[in-house]
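Here is what each chain is made of, one letter per residue.
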Amino acid sequence: AAGIPVKERVKVSQNWRHGRCRRETVLKWKCKQVVPFFSIFLMPWMELDGEYLYLSQAENIQAYRLCPDGSGLQRHPQAIFSGHQEDVCRFVLVNSHIVSGGGDGNIVLHKIHGSYSVKFSAHEQEVNCVDFQGGLVVSGSRDRTAKVWSLSAGRVGQCLHTVQTEDRVWSIAISPLLSSFVTGTACCGHSSPLRIWDLESGQLLTCLGTDFHRGAGVLDVFFETPSLLLSCGYDTYIRYWDIRTSTRKCVQEWEEPHDSALYCIRSDKNHMIASGSSYYGVVRLWDKRQTRCLQSFHLSSPTSSPVYCLRFSTTHLYAALASALHVLDFTA
């Protein structure tokens, strides 16, 4: 909110609270034609920094410049980062580096400003999720393992630990303290879909929660602080964990009102949470101080699409669906 006059900030804050915004579809792309009459949809992922939005489309990651006047983004990418043979599943943007995991089982590292890139074989099946901090990458795969990799000079692509999760790993995140990481798994082969592991040794530290139903897979996790963690997934709940107080029970939970799986989640690390649902491109805004959803937006109709990824700034929310990128502008 730096640089925004106080009066404008109050107006934007009220717009978020009351759901007043201008909606626009800023990018569209075609689904993949696999065989005649059968298509598969892309599962895009994205990251925001101050000037650019980075969006994965098939095997590439494209950088789109945000318009300085806040009117969306420029339609043609400024840069394209490639290296995967199959679709990018997830990627992270940290310290001018992009680290991505793909359906080809590889991890690719790009330096944003320069031609430097590294690719290494990481898993036997697709890399569903990655995170990168402090010279270390963690990755999770369909092959039911999570791995810790070094990206430090002279050890790039060296596997430091392999964790047997007994389940497909859907989501992963490194703690801000760089001491541990959390995995969100499918909850089919192992009864606990949320587990925290020691980053240095690869040993299991704790499981979060109890009595999860089979199939209650965790599709996204987000550390607000070293001890505060948000999770969401197939069982339709957003859960807020404080691992200082309890690992058995979350401190708050919110249920998706239409019984939809939740594909993605983000917070402003204050009171607001945004979640993306599995049907009709539904984005919901939540206030942690309330039990019910604050606002909801239906971005996909009549064709139903999950919200695969969402990101927001002070004034805009971006949502990536199967074939389009939507933006909600709360300055309107």
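All figures in this text were calculated on a predicted structure; none of them were measured in a lab.

Conventions adopted
For every chain, the first residue of its written sequence is number 1, and the numbers climb from 1 along that sequence. Side-chain atom pairs in this predicted model are given and counted only at pLDDT of 80 or more, local residue features only at pLDDT of at least 70, and totals for whole chains, interfaces and linings cover all residues. The basis for every side-chain value is the complete set of non-hydrogen atoms in the structure, without hydrogens or water. Two aromatic rings, drawn from Phe, Tyr or Trp (for Trp, its six-membered ring), form a pair once their centres lie within 6.5 Å of each other, and the interplanar angle then sorts them: stacked below 30 degrees, edge-to-face above 60, tilted otherwise. What counts as a helix is a DSSP run of H or I of at least four residues, what counts as a strand is a run of E of at least two, and both are numbered from the N terminus. Burial classes: relative accessible area under 20% of the type maximum marks a residue as buried, over 50% as exposed, and values in between as partly exposed (1.4 Å probe, protein chains only). Geometrically, a charge over a ring is one whose NZ (Lys) or CZ (Arg) sits within 6 Å of the ring centre while staying within 35 degrees of the ring normal. Between any two strands, pairing holds if DSSP finds at least two bridges. The axes are straight lines fitted to the C-alpha atoms, using for helices just the contacting stretch, and the angles between their N-to-C directions are given from 0 to 180°. UniProt positions are given in the numbering used here, feature names are shortened, and annotations may be inferred rather than shown by experiment.

**Let's talk about the packing of aromatic side chains**
Now for step 1: Inspection of the entire model under this criterion finds eight aromatic pairs.
Now for step 2: Their ring planes at 40° and their centres at 6.4 Å tell us that Tyr54 and Phe81 sit as a pair that is tilted. Highlighted residues: Tyr54 in strand β5 (residues 52–57) and Phe81 in strand β7 (residues 79–81), separated in sequence by 27 residues.
Now for step 3: Aromatic side chains Phe120 and Trp149 sit 5.0 Å apart centroid to centroid with 50° between the ring planes, which places their arrangement in the tilted category. Linking Phe120 in strand β11 (residues 117–121) with Trp149 in strand β14 (residues 145–150), this pair joins segments that are 29 residues apart in sequence. This pair shows no difference in class: Phe120 is buried, exactly as Trp149 is.
Now for step 4: Here the aromatic residues Trp16, Phe297, Phe312 and Phe330 are joined through ring pairs into a cluster of three or more.
Now for step 5: Between the NZ or CZ atom of Arg90 and the centre of the ring of Trp45, over which it lies, the distance is 4.0 Å.

**Some remarks on the sheet that holds strand β24 (residues 262–267)**
Now for step 1: Strand order in the open sheet made by the four strands is β24-β25-β26-β27, with antiparallel pairing throughout. Looking at which strands have only one partner, the edges of the open sheet turn out to be β24 and β27 (293–298). For this sheet, the mean angle separating the axes of adjacent strands, direction not counted, is 20°.
Now for step 2: Pairing geometry for strand β26 (residues 282–287) and β27, over five bridges, is antiparallel. Bridge pairing links Val283 to Phe297 in β27.

**Some details on the UniProt feature "repeat: WD" (unreviewed entry) in the chain**
Now for step 1: The sites that UniProt annotates as "repeat: WD" (unreviewed entry) are residues 120–155.
Now for step 2: A distance of 12 Å separates the end C-alpha atoms of residues 120–155, which is 0% helix and 58% strand.

**Remarks on the sheet that holds strand β28 (residues 309–312)**
Now for step 1: Sheet architecture is open: four strands sit in the order β1-β30-β29-β28, paired in antiparallel fashion. Only two strands of the sheet have a single neighbouring strand rather than two, namely β1 (22–28) and β28. Looking at each pair of strands side by side, their axes are set apart by 20° on average, direction ignored.
Now for step 2: Two elements, β1 and strand β30 (residues 324–329), share six bridges in a ladder whose sense is antiparallel. Bridged to Arg23 within β30 is Leu328.

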